[in-house]
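Residue-level structural notes
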Amino acid sequence: MTASPQRVDGRTARSERTRNAIVDAHQQLIREGDLRPTAEKIAKQAGVSLRALWSHFADMEALFAASGERVLELRDASHRPISATLPLAERIEAYAKQRGRLLEQIAPNAKAAAIKEPFSETLQRYRRLHVARVRDELAVLFATEIDGNDELLNALTAVSMWPTWSTWREPMNLSVAASRAALARTITALLTTP
């Protein structure tokens with residue numbers, strides 16, 4: 001005897017809701033400052049048993065993968081392409097503004113990932129993916145100025161990443177606006193220096 005399609009669909013939907021609740025709980029705990037939430041805390045936050053968590057995720061790496069996907073989805077949803085036809089100063093300003101907003105958005109996840117990344121193949125893969133996305137965006141947005149110069153593209157990519165932003169925001173204690181201005185100034189210097 002086989003289960004009816006409705007019953008299978010209902011179980012699938014419940015399973016998907018549980019899985020999403022676990023990822024949401026993981027993200028919520030990180031946003032609240034728990035950069036290393038345990039499986040027990042995540043399950044409690046999600047309102048599920050520890051057994052349910054492990055039935056949806058084989059290990060913490062699998063949960064990191066699902067959370068990483070969620071972060072990329074949120075980033076993609078809030079990203080707005082900037083026209084490469086704008087004058088250079090406008091492109092730089094628009095890029096610095098958007099990049100600052102996106103870096104602030106991922107800040108809790110970036111902090112949490114930095115703790116576990118050296119030991120997590122999944123987090124290392126997401127870091128490489130994120131770097132490649134930023135690099136590709138810069139290569140398109142500033143194609144005329146970069147003109148195939150990989151050294152310049154490497155410098156632009158490095159300054160646009162979380163470690164630089166984090167340095168401005170935390171040890172240097174700069175505001176978002178001051179950090180954004182530092183990013184814009186650095187990019188301007190890189191793109192206009194002969």
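Residues numbered from 1 in each chain as written. Predicted model: local features only at pLDDT ≥ 70, side-chain atom pairs only at ≥ 80, totals over all residues. Heavy atoms only, no water.

1. Considering the overall build of the protein
A count of helices and strands for the protein gives 10 helices and zero strands. Starting at the N terminus, the α and β elements of the protein follow one another as α-α-α-α-α-α-α-α-α-α. Expressed as lengths along the three principal axes of its C-alpha atoms, the size of the protein is roughly 75 × 40 × 25 Å. Counting only residues that meet the buried cut, the protein has 39% of its 194 residues in that class. Taking as baseline every contact in the protein between residues at least 6 positions apart, the subset at least 24 positions apart corresponds to 64%. Element-wise, carbon and sulfur atoms account for 55% of the exposed surface of the protein, whose accessible area totals about 11100 Å². Here the protein contributes 27 positive and 23 negative side-chain charges, whose respective centroids are spaced 7 Å apart. (Helix = DSSP H or I, 4+ residues; strand = E, 2+ residues; numbered from the N terminus. Buried < 20%, exposed > 50% of the residue type's maximum accessible area, 1.4 Å probe, protein only. Contact = heavy atoms within 4.5 Å. Areas by Shrake-Rupley, 256 points an atom, 1.4 Å probe, with all protein chains shown as cover. Lys, Arg positive; Asp, Glu negative; His and termini not counted. Charge placed at Lys NZ, Arg CZ, Asp CG, Glu CD.)

2. Remarks on unusual backbone geometry
Unlike most non-glycine residues, Asp147 shows phi in positive territory, near 45 degrees. The phi dihedral of Asn173 falls on the positive side, at around 60 degrees, and the residue is not glycine. Secondary-structure assignment places Asn173 in the loop between helix H9 (162–169) and helix H10 (176–192). Given the relative accessible area of 64%, Asn173 is considered exposed.

3. Thoughts on the side chain of Ser160
Within the secondary structure, Ser160 is located in the loop between helix H8 (150–159) and H9. Of note is the side chain of Ser160, whose polar atom sits 3.0 Å from the side chain of Tyr95. Here Ser160 is in contact with Tyr95, Arg99, Leu103, Val134, Leu138, Leu183 and Ile187, once residues within four sequence places are set aside. (Polar contact = N/O pair within 3.5 Å; in protein donor to acceptor, adjacent residues only side chain to side chain.)

4. Let's talk about the packing of helix H6 (residues 121–141) against H8
The interhelical angle for the contact between H6 and H8, taken along N-to-C directions, is 120 degrees, at an axis separation of 9 Å. Viewed along their axes, H6 and H8 adopt a mutual orientation that is oblique. Viewed along their axes, H6 and H8 form a crossing whose handedness is right-handed. On H8, the residues that touch Val131, Arg135, Leu138 and Ala139 of H6 are Asp150, Leu153, Asn154, Leu156 and Thr157. Of the residues assigned to the contact of H6 with H8, the class counts are five nonpolar, two polar and two charged. (Axes fitted to C-alpha atoms, helices over the stretch in contact; angles between N-to-C directions. Parallel < 35°, antiparallel > 145°, perpendicular 65-115°, else oblique. Left-handed = near helix turned anticlockwise from the far one by under 90°. Nonpolar A, V, L, I, M, F, W, Y, C, P; charged D, E, K, R; others polar.)

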